[in-house]
Amino acid sequence: MIESTWISSLTCVVTCCLGSRFVNYVCDHVYLGLSPFFTSLSTLPCHVQVTELYCSVCECAVCEDCVAGGHGEHPNVPLSQALAQHRSALQERLGTVQNRLPQISDALTFVKEILQQLTNQRASIEEDIQSSFEDLHKQLDVRKSVLLMELEVTYGLKQKVLQAQVESLLRGQGEMTASCSQTEEALGEEACAANLQAERDLGERLGELASYGLPCQPEENDQLDLLMETDGLRKSIHNLGTIVTTSAVASQSEAMGAGLEQCVVGHPASVTIVTRDKAGGACKSGNAILSAEVFTPDGSIVDGEIVDHKNGTYEFVYIVPKEGDFSLALRLYDQHIKGSPFKLTVTRVSETEVERRGKSPGQKKKGSKRTSSALGTPRRKTQNPIEDDLIFRIGTKGRNKGEFTNLQGVAASSTGRILIADSNNQCVQIFSNEGEFKSRFGVRGRSPGQLQRPTGVAVHPSGDIIIADYDNKWVSIFSCEGKFKAKLGSGRLMGPKGVSVDQNGHVIVVDNKACTVFIFQPTGKLITKFGSRGNGDKQFAGPHFAAVNNNNEIIVTDFHNHSVKVFTPEGELVLKFGSNGEGNGQFNAPTGVAVDVNGNIIVADWGNSRIQVFDGSGSFLSYINTSADPLYGPQGLALTSDGHVVVADSGNHCFKVYRYLQ
Ligand SMILES: *[C@@H]1O[C@H](CO)[C@@H](O)[C@H](O)[C@H]1NC(C)=O
Ligand SMILES: *[C@@H]1O[C@H](CO)[C@@H](O)[C@H](O)[C@H]1NC(C)=O
Ligand SMILES: *[C@@H]1O[C@H](CO)[C@@H](O)[C@H](O)[C@H]1NC(C)=O
């Protein structure tokens, strides 16, 4: 048995009894030297002095003796209270770390997913490289065979001529040699009258042979050369294909610019995005995958474009058609960049500012319409005087049949069908002219015709349905029953938004990203293309949709230039109308366009949320009266076979059918 006094004189250690179990406490400054001793001590029955206090300075348990000793000056608290505090502090730390675990597990899942996608992507690109090169090999082999065959044929023809000449010369030579030796033989004999006749014959034969026409000049030449210019090709092969990527990460990439916080209704706003790598270094090359979305709690309707400056910076230019509080989400490789989503306040231009700009506020009124007398055609009385020009509207926001999420392009068939490109639902929905749902196709699945983001739709005279798929970067062709048939423009198109069909059955594709109009055969063969980014005659600042008139001219809306441009099928500009504003004939980002049988051009004015009608020369005629049930960011527009205008009222997630010019 150890005397407690002995213990306490030796140490500041105290053993506390808790039932029959021992718990040891020790002052820090002696614990190290005594720890072996305490291992055995803890097994001893309890008899040392019980600690009841805690020294807050030394952070250890103390007994009365300790307090009397070295800890006398130190503040102390009851041990039980200190113990409880320690426990709760420990518990808290445990909790903090445990709370991190789900985060880490999420991060792990996410990073693994990215790794998996990277691996998948590698496999798929590898396949692409293999198949592209196999294809090239095949093409080279075909060319090789063609050349070898051409060589064979050319050689054969020439060889035949020369061979024939050789044979004919040999024949002549043989005959001559024979006649000569016969004659020599005859001359070797005694001349006699009996041989006179024979010799005369020989003489005649020799006479013939002397002037006998033989082909002594070569009738062919020996030229067979190979001209093969391979330098250009070698150079092309040397630079063939590029692996495109960046080291940009969302968490380091930033956005800046006035458009990040606020903008004015109907006026373009811009945001600059700077991509950075994991260490915060600026990326110097383009091609990163960025997306931008401006939205309200009830959905996204704002349209804009991301321009890749190819130097690691990008610009997002957008226009909001309505005032209010919006969110602006900027994502890099599907993840929010630093600070995203941003809060965006959209305001109207103040009255004073409108006055300063010299505009009368009255011009802002939407749906105001020329009086019928001004149009020269008497306006037919509508049955219900309370209604505007709306005949009916179909759809609400949703994913089901007859519901839409961000509908874009619209087409109408000669067989009385209305087709809607339902971009976020990744399908095309078909309705009757009366608005009755008929069918839909392209809905998520693993089929080869899976649509990613259908934005444009057109009906080919053959009945086929042509769909511009913005995210797949190609145009898909489906049968009228919705069966996938083919795709065109793959590898060429960057962001096809609208499609149309001309009078020759050619497919007109508006590539919004490339600022180019492509014209394809339905087989996929490119006929021509025109346009580049800019504000010049043959340029676009952001083309969206196209229509074709009776002269087979192509009418294109230029969203960011606020104009409508008309081109010949060869791509020469013949007419341009519209400027930025809210007056008659002005636009705030035009989108959908259609032409009627009289050549009138109907244009959806996205930012002004209205529909304007122009004559074929671009003179403003009228608005469609949409005042009772206003539009909200209209997109695609078409003329139905029964002469009405159908428009995708994108922000209201429905389509509307209107009468016009009545
Ligand atoms: C990137 O290019 C844009 C447009 O050409 C230019 O305005 C910008 O200053 C460039 N930024 C950098 C970092 O080079
Ligand atoms: C548009 O329709 C409304 C009825 O909804 C009517 O009150 C208004 O006068 C119409 N506007 C024009 C310019 O015809
Ligand atoms: C539209 O393009 C014209 C040239 O065709 C140019 O003068 C004008 O500034 C452009 N407008 C806008 C808003 O970019």
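Residues numbered from 1 in each chain as written. Chains lettered and ligands numbered in written order. Predicted model: local features only at pLDDT ≥ 70, side-chain atom pairs only at ≥ 80, totals over all residues. Heavy atoms only, no water.

A. Structural view of the overall build of the chain. If you tally the helices and strands in the chain, you get eight helices and 41 strands. Taking contacts inside the chain between residues at least 6 apart in sequence as the whole, the part at least 24 apart equals 52%. When the accessible surface of the chain is split by element, carbon and sulfur atoms take 53% of a total near 36400 Å². (Helix = DSSP H or I, 4+ residues; strand = E, 2+ residues; numbered from the N terminus. Contact = heavy atoms within 4.5 Å. Areas by Shrake-Rupley, 256 points an atom, 1.4 Å probe, with all protein chains shown as cover.)

B. Here's a closer look at the confidence of the model for the chain. Averaged over the chain, the pLDDT score is 84; the fraction of residues at 70 or greater is 84%. Under a pLDDT of 50 for its full length, residues 1-48 has, in the predicted model, 70 contacts with residues more than four places off or in other chains. Overall, residues 354-386 carries pLDDT values under 50, and its contacts beyond four positions in sequence, including any with other chains, amount to 41 contacts. (pLDDT = per-residue confidence, 0-100.)

C. Molecular detail of the packing of aromatic side chains. Counted under the stated rule, the structure contains 15 aromatic pairs. Each ring, one from phenylalanine 518 and one from phenylalanine 520, has its centre 5.8 Å from the other, and the planes form 5°; the classification is stacked. Here phenylalanine 518 and phenylalanine 520 have matching classes, each one buried. A network of ring pairs unites the aromatic residues Phe577, Phe587, Phe614, Phe620 and Tyr623 as a single cluster. One cation-aromatic arrangement involves lysine 487 over tryptophan 474; the distance from NZ or CZ to the ring centre is 3.9 Å. (Phe/Tyr/Trp six-rings, centres within 6.5 Å; stacked < 30°, edge-to-face > 60°. Buried < 20%, exposed > 50% of the residue type's maximum accessible area, 1.4 Å probe, protein only. Lys NZ or Arg CZ within 6 Å of the ring centre and 35° of its normal.)

D. Local environment of the side chain of glutamate 553. Looking at the element boundaries, glutamate 553 is found in the loop between β31 (543-548) and β32 (554-558). The buried charged residue glutamate 553 lacks any salt bridge, with lysine 538 as its nearest oppositely charged partner at 14 Å. Excluding residues that lie within four positions of it along the chain, glutamate 553 makes contacts with Ala547, Val548, Val566, Phe567, Thr568 and Val574. (Lys, Arg positive; Asp, Glu negative; His and termini not counted. Salt bridge = Lys/Arg side-chain N within 4 Å of Asp/Glu carboxyl O.)

E. Examining the site of ligand 1 more closely. Neighbouring residues of ligand 1: His309, Asn311 and Thr313. Within the contact set of ligand 1, an oxygen atom lies 2.3 Å away from a side-chain nitrogen or oxygen of asparagine 311. Coverage of ligand 1 by the protein amounts to 34% of the 360 Å² it exposes when considered alone. (Near = heavy atom within 4 Å. Polar contact = N/O pair within 3.5 Å; in protein donor to acceptor, adjacent residues only side chain to side chain.)

F. The nonpolar core, seen in detail. In terms of nonpolar packing, the biggest core is built from 26 residues, with Val271, Ile273, Tyr318 and Leu330 touching the most fellow members. Taken together, the elements giving at least two residues each to this core come down to β6 (249-256), β8 (269-276), β9 (290-296), β12 (313-319), β13 (324-332) and β15 (342-347). A per-element tally of this core places β13 first, with four residues. Once you skip the residues sitting within four places of it in the chain, isoleucine 273 turns out to touch Glu254, Ala255, Leu290, Gly312, Thr313, Tyr314, Phe316, Leu330 and Ile337. (Core = buried A, V, L, I, M, F, W, Y, C linked by side-chain atoms within 4.5 Å.)

G. How the structure looks around a nonpolar patch on the surface. On the surface, Ile125, Ile129, Phe133, Leu136, Leu240 and Ile243 cluster together to form a nonpolar patch covering roughly 510 Å² of accessible area. Structurally, isoleucine 125 can be placed in helix α4 (residues 79-188). Classification of isoleucine 125 as partly exposed rests on a relative accessible area of 33%. (Patch = residues over 30% accessible without salt bridge, like charges linked within 9 Å, V, L, I, M, F, W, Y side chains within 5 Å.)

H. Examining the sheet that holds strand β21 (residues 454-459) more closely. If you walk across this open sheet you meet the four strands as β21-β22-β23-β24, and the pairing is antiparallel. In this open sheet, the two strands that pair with only one neighbour each are β21 and β24 (484-488). Here the average twist between neighbouring strands, direction ignored, is 25°. Both strand β22 (residues 465-469) and strand β23 (residues 474-478) contribute to a ladder of five bridges, which runs antiparallel. Of the residues in β23, the one forming a bridge with isoleucine 465 is phenylalanine 478. (Pairing = 2+ DSSP bridges. Axes fitted to C-alpha atoms, helices over the stretch in contact; angles between N-to-C directions.)

I. Representation of the environment of glutamate 436. Along the polypeptide, glutamate 436 turns up in the loop between β19 (427-432) and β20 (437-441). A relative accessible area of 48% places glutamate 436 in the partly exposed class. Spatially, the C-alpha atom of glutamate 436 lies 8.7 Å from that of glycine 402, the residues being 34 residues apart in sequence. Look past the residues within four positions of glutamate 436 in its chain and what remains in contact with it is Ile430 and Phe431.

J. Just unusual backbone geometry, in detail. Here serine 340 and proline 341 are connected by a cis peptide whose omega angle stands at 0°. The residue proline 341 is located in the loop between β14 (335-336) and β15 in this model. Here the phi dihedral of alanine 589 falls at roughly 70°; this positive angle occurs in a residue that is not glycine. Tracing the backbone through its elements, the reader meets alanine 589 in the loop between β34 (573-577) and β35 (590-595). At histidine 653, a residue that is not glycine, the phi angle is positive and equals roughly 50°. Along the polypeptide, histidine 653 turns up in the loop between β40 (645-649) and β41 (654-658). Histidine 653 sits in the buried class, given a relative accessible area of 4%.

K. Quick look at the sheet that holds strand β3 (residues 53-55). The strand order across the open sheet formed by three strands is β4-β3-β5, and the pairing between neighbours is antiparallel. With one partner strand each, in any of the chains shown, β4 (60-62) and β5 (76-78) form the two edges of the open sheet. Each strand of the sheet is rotated relative to its neighbour by a mean of 40°, with strand direction disregarded. For β3 and β5, the ladder comprises three bridges, and the chain directions are antiparallel. Paired with leucine 53 across the two strands is proline 78, which belongs to β5. Packed onto the sheet, α4 meets β3, β4 and β5 and runs at close to 90° relative to β5.

L. Representation of the pairing of strand β25 (residues 496-501) in the model. Most of β25 is tucked away, with six of its six residues classed as buried. Inspection of the sheet shows β25 paired to strand β26 (residues 507-511) by five bridges, in the antiparallel sense. Bridge pairing in β26 links proline 496 to aspartate 511. Hairpin geometry of β25 and β26 is characterised by an intervening segment of five residues between the two adjacent antiparallel strands and by a positive phi of about 80° at glycine 505.

M. A look at the pattern of salt bridges. Counted according to the given criterion, the structure contains 16 salt bridges. With its nearest N and O atoms 3.3 Å apart, the salt bridge here joins glutamate 323 to arginine 348. Placement of the pair is glutamate 323 in the loop between β12 and β13 and arginine 348 in the loop between β15 and α7 (351-356), with a sequence separation of 25 residues. Using a relative accessible area of 42% as the deciding quantity, one classes glutamate 323 as partly exposed. Across the pair aspartate 464 and lysine 485 runs a salt bridge, and its minimum N-O distance is 3.0 Å. Taken together, the residues aspartate 464 in the loop between β21 and β22 and lysine 485 in strand β24 connect sequence positions 21 residues apart.

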